[in-house]
Amino acid sequence: TGRASADSLSWQVQGTGDSSALSKGSTAERGYVRDRFLGLLAGRRRRRAPLIHRGYYVRARAVDHCVQDFLLKTQSCARTQILSLGAGFDSLYFRLKDVGLLSRTVVYEVDFPNVACQKAALIKGIKELSSLVGDAGGEGLGAIAFSGKDYKLLGVDLSELSKLEKALQEAGLDNEIPTLFLAEVVLTYMENSRSDALIQWAAESFPQACFVLYEQMHPEDPFGRVMQQHFSQLNSTLHSLVQYPDHETQRRRFLQKGWSECSVMDMNEFFTFCVPEDEQRRVQALEPFDEYEEWHLKCSHYFVLTAAKGMKSSWTPLLLNMGVPCGDGPVSVSKSITASACGMRSEAAGLRCYGHHSALIKPNVILTTGGFGEEDGQHRRMKNFRVLIKHEGCWKAGRVKKENCGKRWDGRLYHTVSCLSNSLALMVGGRTSPSSAALGMLWLKFPESSTALDLHGFTVELVDLQTVAEPAALRWRHSATEVMFRGEKYLFIYGGRSATQSVLGDWHFLHTEELSCTVIPVEGPVPEGRHSHSACTWRGGVLIAGGLGAAEQPLGSVFFLRKTEHAFQWQTVETHPPLVPRYSHTAHVHEEKLLLVGGVWFRSSSVPGITVIDLVTGLCTDYMISVEHLEWPLMLHNHSSVFLPDEKELLLIGGGGNCFSFGTHLNAEPVSLNLSNILTSH
């Protein structure tokens, strides 16, 4: 039965390999990587999403970066070899051979016997592949499924180390020459005792060796929990994560198993420091893209590790281009704030969404519009508005009746809603898809009298204003903040992005009655363009914090658009310690304090909670959100939040997103945080 269960597990793991081969093929077909062999080896074709393409691009780039560096550093050696563990239908050998990089190198590939047989049959049946390899004979000898002069394909279960060692000896592997071991998301499927033994065997048996490992990490944060659940459902448990959950434990693992040097980078760091800027821009421009949060979260949950021993000179390919690291040091946290579910799971279906907007339109009344999420049993752009009403200390949710909307309501995402009176709000911008032009403006009219505020009779009338003030409105991931100038009310519309520009740095003063843009002088140094930032009204001006900049890097700057007698003026708000760069957060001002809620940053060792910036002293304090009372992962990006100052209650609504290939996660229901402790202790 042990053998049967092992066979069952091998089939599950092979399933992940087949899916990976299709994703790699799609990535090459869209121009992310230049590889004419992936499509031949994948067999079938399937178009993947841009997020998947980026994920597989950075994986391929990292492995190639390390392989090329190994070949460069060992070019003075008479002979070298590469051993690819769990190679699946990878095209590494064919790419290297095609460009003449294997004149002194033999490539050995190992995978389950049936995978090796399938790949061998593919190579023999496709002339473009078989002519590159040639045929040295030797197939059928032991575990050898295919043999060429500089290519050996072996069918062996990696978890059976003695069989692996014997098969490699029979295939001609030479323990005395420089050897590069490759393991891309392979060892984690093995029991830790077996993968540890393999890592130690490689160090002890090969005097001159290098190792490249690409795997997952950080299993305990919200994204990590969704990732683990996905692999568990596939019966492909990620064993490494239990014992080796992060950079440092993986590094220690290799050093303790006999390797003399070891470096680790998460994929945000790799993309930032090891991919040239022009190549970054090329990749970013290949397809319409608007899943920045999911891309950066995916990259913070995968790492590339390089280890070496006995090499003539130090082998540290990850440190070659290292600038100032993104920083994986722990963020200093003062205390934690407990999150409490609002107890409305049955009513909250229309609030399980992301990319929506929530606005406090009257005391204890919140209107939530747009976004993408779960509605009427489907995942789609949200067709219905929702209202949240607090009554006798409890939040209740209901669906809103929309009037006069016809085809006007488009289910937009990443828009803003600004409440301008007790019966009127203005919706600005947003988008349906990243390749579509941004959307214009809508008036939202709702009942003025409080007697109409019941869950079943709340009505919103939509009035289309599409042709008005278009340059200001045609954007998404922007901010719209109320300001007063010379007794007149304006919306300060700032930043965002559009279908043609990935980052906008302009601003507009939109007169709220005339709905026309007014030119008001703005002095001072202009902030770097950004989207997915936060903006709050303070002292008659606007506080802008964080955001994602032109290079798709999170920003840590805070600016104050200060009102002067005749104009406005940009001023930098200095924070200490410096604010950790972030985006996709929400923000509120309470008295002289700026609260930043959630978001995405590159500190992969933790997730953002609540940061409080004292606007008088600049002191910046981080608080963790304790989720021990929640039964589901709380993802605080693409969420909305509403702050009720009298109760010092922060209500978090929606949030989550498409977690790479692991499925979509939507926060199950609104969550309440009591901020009394942190707002009075400052």
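Predicted, not measured: the structure shown is a model, and the values here were computed from it. Each chain has its residues counted from 1, following the order in which its sequence is written. Under the rules for a predicted model, residues below a pLDDT of 70 receive no local features and side-chain atom pairs below 80 are neither given nor counted, while totals for whole chains, interfaces and linings still include all residues. Note that the side-chain values use all heavy atoms of the structure and ignore hydrogens as well as water.

1. Topic: the overall build of the protein
Labels follow the DSSP assignment, with helices taken as runs of H or I lasting at least four residues and strands as runs of E lasting at least two, numbered in each case from the N terminus. Tallying secondary structure elements over the protein gives 16 helices and 39 strands in all. The C-alpha radius of gyration of the protein comes to 28 Å, within 12% of the 26 Å expected for a compact globule of 682 residues. Taken along its principal axes, the extent of the C-alpha atoms in the protein is 85 × 50 × 45 Å. Across the 682 residues of the protein, 59% fall into the buried class. Contacts between residues were defined by any pair of non-hydrogen atoms, one from each residue, lying within 4.5 Å. Counting contacts in the protein only where the partners sit at least 6 residues apart, residues at least 24 apart contribute 67% of the total. To measure how exposed things are, a 1.4 Å probe is used in the Shrake-Rupley method; for residues, cover is taken only from the protein chains shown. For the protein, the accessible surface area stands at approximately 26,500 Å², while carbon and sulfur atoms represent 50% of it. Computation of the radius of gyration draws on C-alpha atoms alone. For the globule rule, the value is 2.2 Å times the number of residues to the power 0.38. Using a 1.4 Å probe on the protein chains alone, a residue whose accessible area is under 20% of its type maximum counts as buried, one over 50% counts as exposed, and one in between counts as partly exposed.

2. Considering the side chain of Q81
With respect to the helices, strands and loops of the structure, Q81 is situated in strand 1 (residues 80-85). With near-sequence residues (within four places) excluded, Q81 lies in contact with F70, T105, V106, Y108, L173, D174, N175, I177, P178, T179, L180 and F206.

3. Some remarks on the domain arrangement of the protein
Residue ranges assigned to the domains are those given by an automatic or database domain assignment. Here the protein is partitioned into domain 1 (1-312) and domain 2 (333-679). Here the C-alpha centre of domain 2 lies 42 Å away from the C-alpha centre of domain 1. Between Lys or Arg on one side and Asp or Glu on the other, a salt bridge is scored when a side-chain nitrogen of the former is within 4 Å of a carboxyl oxygen of the latter. Seen at the junction of domain 1 and domain 2, the total is five salt bridges. Between D290 and R477 there is a salt bridge, with its nearest N and O atoms 2.8 Å apart. Polar contacts, as counted here, are pairs of nitrogen or oxygen atoms within 3.5 Å of one another; within protein the pair requires one atom able to donate a hydrogen and one able to accept it, and residues that are adjacent in sequence qualify only if both atoms are side-chain atoms. Counting every contact that joins domain 1 to domain 2 gives 15 residue pairs in polar contact (both at pLDDT 80 or more). Taken together, the elements giving at least two residues each to the side of domain 1 that touches domain 2 come down to helix 3 (50-73), helix 9 (222-233), helix 12 (267-274) and helix 14 (292-300). At eight residues, the largest contribution of residues to the side of domain 1 that touches domain 2 is made by helix 14. Of the residues contributing to the side of domain 1 that touches domain 2, the split by class is 15 nonpolar, nine polar and nine charged. Gly is placed with the polar residues, together with every amino acid not listed as nonpolar (Ala, Val, Leu, Ile, Met, Phe, Trp, Tyr, Cys and Pro) or charged (Asp, Glu, Lys and Arg).

4. A short note on the packing of helix 3 against helix 14
The angle between two axes is taken between their N-to-C directions and runs from 0 to 180 degrees, where each axis is a line fitted to C-alpha atoms and a helix contributes only its stretch in contact. Packing of helix 3 against helix 14 brings their axes to within 10 Å, and their N-to-C directions diverge by 30°. Here helix 3 lies roughly parallel to helix 14, going by the angle between them. Taken as a pair, helix 3 and helix 14 cross one another with a handedness that is right-handed. Between helix 3 and helix 14, the residues in contact are L51, R54, G55 and V58 and E294, W295, K298 and C299, respectively. Considering only residue class, the contact of helix 3 with helix 14 consists of four nonpolar, one polar and three charged. Note that the term roughly parallel is reserved for angles under 35 degrees, roughly antiparallel for angles over 145, roughly perpendicular for angles of 65 to 115, and oblique for everything else. For any pair of crossing helices, the crossing counts as left-handed if the nearer helix is rotated counterclockwise from the farther one by less than a right angle, and right-handed if it is rotated clockwise.

5. A word on the packing of aromatic side chains
Two aromatic rings from Phe, Tyr or Trp, using only the six-membered ring of Trp, form a pair when their centres are within 6.5 Å; if the ring planes differ by under 30 degrees the pair is stacked, by over 60 it is edge-to-face, and anything between is tilted. On inspection of all chains with the given rule, the structure shows 33 aromatic pairs. Ring centres 5.5 Å apart and planes at 70° place the aromatic pair W507 and W570 in the edge-to-face group. Here the residue W507 occupies a position in strand 24 (residues 507-511), and W570 occupies one in strand 30 (residues 568-572), the gap between them amounting to 63 residues. Here W570 falls in the buried class, since its relative accessible area comes to 2%.

6. Observations regarding the nonpolar core
By convention a nonpolar core is built from buried Ala, Val, Leu, Ile, Met, Phe, Trp, Tyr and Cys residues, the set being connected through side-chain atoms within 4.5 Å. Among the nonpolar cores identified, the biggest contains 78 residues, and I82 and F270 are the most heavily contacted of them. At 11 residues, the largest contribution of residues to this core is made by helix 3. Not counting residues within four places of it along the chain, the set of residues in contact with F270 comprises V58, R61, A62, H65, M265, V275, V304 and L318.

7. A few points about the pairing of strand 2 (residues 105-111)
Most of strand 2 sits out of view: six of its seven residues are buried. Handedness of the crossover joining strand 1 and strand 2 through helix 4 (residues 92-98) is recorded here as right-handed. Here, the term right-handed applies to a crossover whose path from the first strand over the helix to the second runs clockwise when the strands point away from the viewer.

8. Describing the side chain of S479
Here S479 is to be found in strand 22 (residues 479-485). Polar contacts involving the side chain of S479 include one to the side chain of H533, which spans 2.8 Å.

9. Considerations on the sheet that holds strand 24
Strand order in this open sheet of four strands is 22-23-24-25, and the pairing throughout is antiparallel. The open sheet has two free edges, formed respectively by strand 22 and strand 25 (517-518), since each of these has just one partner strand. Relative to strand 24, strand 23 (residues 488-494) runs antiparallel, the two being bridged by five bridges. If you follow F492 over to strand 24, its bridge partner there is F509. Two strands are counted as paired when DSSP detects at least two bridges linking them.

10. Notes on the sheet that holds strand 39 (residues 671-674)
The strand order across the open sheet formed by eight strands is 31-32-33-34-9-39-36-35, and the pairing between neighbours is mixed. The outermost strands of the open sheet, each flanked by one partner alone, are strand 31 (586-590) and strand 35 (640-644). For this sheet, the mean angle separating the axes of adjacent strands, direction not counted, is 25°. The pairing of strand 32 (residues 593-597) with strand 33 (residues 610-614) spans five bridges and is antiparallel. Each bridged residue has a counterpart across the sheet, and for V597 the counterpart in strand 33 is I610.

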